[in-house]
Amino acid sequence: MNLPGTTTQGFDDPAGTWNRRFSQPGYLFGTEPNGWLRDHSSVWQAGQRVLCVADGEGRNSVWLADRGLTVDAFDISEVAVHKAREFARITGAKVNFAVADIAQLHWPQSLYDGVAAIFIQFADPQLRARIFEGMVRCLKPGGILLLQGYTPRQLDYRTGGPPVASHMYTPQLLREAFAGLEVLELREYEADLAEGTGHNGHSALIGMVARKPA
């Protein structure tokens, strides 16, 4: 899996920023999988190949690999990927991890049965558009995207995510961005998260499940 990269928009030093955040003791977002991912992962079957986008310390990729999926995962933070590899070693999961910058990523064509994009809201609108296009590109026909993010109301709660309105998701934004996919579920809701110290407390959320036409 070739995942090259150098810089990410949104920070002067994105790799350094995330390395510092992930250098704290423990796991920034915990070790349990994201709830939206956990509750909808049955859309994929054992043996299928899934990409976990900006996967951090590996909580989602390791969980998926434990369920028999073939998982590739990347993050810009060397510190996070090192911790993810150690987490996978401890749990016995087999994940293909890579350090890569999403702003410079060469998205493969039609390689994956699934893409998991969980709280990747570090991206400004310009970079976000390129990421969304890349995720669609790398899905096989019939492949399924699982996505979770915060809605603008999260700016009031401040329990996770960047405090930047332009980085938030709305149903309209996602429907327009993924107009070429069949939306199987799109839900805006509120819930209490307990995902480490990074996502903790009452949160304004949106989740999507969408399939690339066969």
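Peer 1: Teacher, can you tell me more about the pairing of strand E1 (residues 49-52) here?
Peer 2: Every other side chain in a regular strand lies on the same face of the sheet, so the side chains alternate between the two faces. Note: E1 against strand E2 (residues 70-75), four bridges, orientation parallel. By the bridge assignment, Leu51 is partnered in E2 with Asp72. Alignment of E1 against strand E4 (residues 112-118), held across three bridges, turns out to be parallel. Across the sheet, Val50 pairs through a bridge with Gly114, a residue of E4.

Peer 1: Please clarify how the packing of aromatic side chains should be interpreted in this entry.
Peer 2: Each aromatic ring pair is described using two quantities: the centre-to-centre distance and the angle formed by the ring planes. Using the criterion set out here, one finds eight aromatic pairs in the structure. In textbook terms, an aromatic cluster arises when at least three aromatic residues are bridged by ring pairs, as seen for Trp18, Phe22 and Phe29. When the ring centre of Tyr27 is taken as origin, the NZ or CZ atom of Lys83, which lies over that ring, is 5.5 Å away. The ring of Tyr189 carries the charged tip of Arg187 above its face, separated from the ring centre by 4.3 Å.

Peer 1: Help me out: how do you make sense of the sheet that holds strand E5 (residues 139-150) in this one?
Peer 2: The mixed open sheet is built from seven strands, whose spatial order is E3-E2-E1-E4-E5-E7-E6. A strand with exactly one partner marks an edge of an open sheet, and here the two such strands are strand E3 (95-99) and strand E6 (182-195). In this sheet, neighbouring strand axes are inclined to one another by 15° on average, regardless of whether the strands run parallel or antiparallel. Most of the contacts of helix H4 (residues 78-91) go to E3, to which it runs at about 165°, and overall it touches E2 and E3.

Peer 1: Hey, could you run me through H4 in this one?
Peer 2: Because an α-helix packs 3.6 residues into every turn, residues spaced three or four apart end up facing the same way. Between the first and last C-alpha of H4 there are 20 Å, a value that for 14 residues agrees with the 20 Å anticipated at 1.5 Å per step. Ala80, Val81, Lys83, Ala84, Phe87 and Ala88 are the residues of H4 that are buried. Take H4 and look down its axis: the buried residues cluster within an arc of 160°, on one side only. Across from the buried face of H4, at angles greater than 90 degrees, the exposed residues are Glu78, His82, Arg89 and Ile90. One side-chain oxygen at the N-terminal end of H4 lies 3.3 Å from the backbone nitrogen of Val79; it belongs to Ser77. Looking one or two residues beyond H4, the residue adopting positive phi is Gly92, at roughly 85°.

What counts and how
Starting afresh in each chain, residues are numbered from 1 along the sequence in its written order. With the structure being a predicted model, the display of local features is reserved for residues of pLDDT at least 70 and the display and counting of side-chain atom pairs for 80 or more, all residues being used for whole-chain, interface and lining totals. Heavy atoms from the whole structure form the basis of all side-chain values; hydrogens and water molecules are not counted. Between any two strands, pairing holds if DSSP finds at least two bridges. Secondary structure elements follow DSSP: runs of H or I no shorter than four residues count as helices, runs of E no shorter than two count as strands, and numbering proceeds from the N terminus. Ring geometry is summarised as follows: Phe, Tyr and Trp rings, the Trp one being its six-membered ring, pair when their centres sit within 6.5 Å, and such pairs are stacked at plane angles under 30 degrees, edge-to-face over 60 and tilted between the two. Over a ring means this: the NZ of a Lys or the CZ of an Arg is within 6 Å of the ring centre and within 35 degrees of the ring normal. Only the contacting stretch of a helix is used when fitting its axis, a line to C-alpha atoms as for every element, and angles between N-to-C directions run 0 to 180 degrees. Here, residues are in contact when the closest pair of their heavy atoms is within 4.5 Å. Given the number of residues in a helix, its expected span is that number minus one, multiplied by 1.5 Å. Relative accessibility thresholds used throughout: buried, under 20% of the residue-type maximum; exposed, over 50%; partly exposed, between the two (1.4 Å probe, protein chains only). It is the directions from the helix axis to the C-beta atoms that the arc portrays. In the analysis that follows, any N or O atom pair within 3.5 Å is treated as a polar contact, provided that within protein one partner can donate a hydrogen and the other can accept it, and provided that, for residues neighboring in sequence, both atoms belong to side chains.

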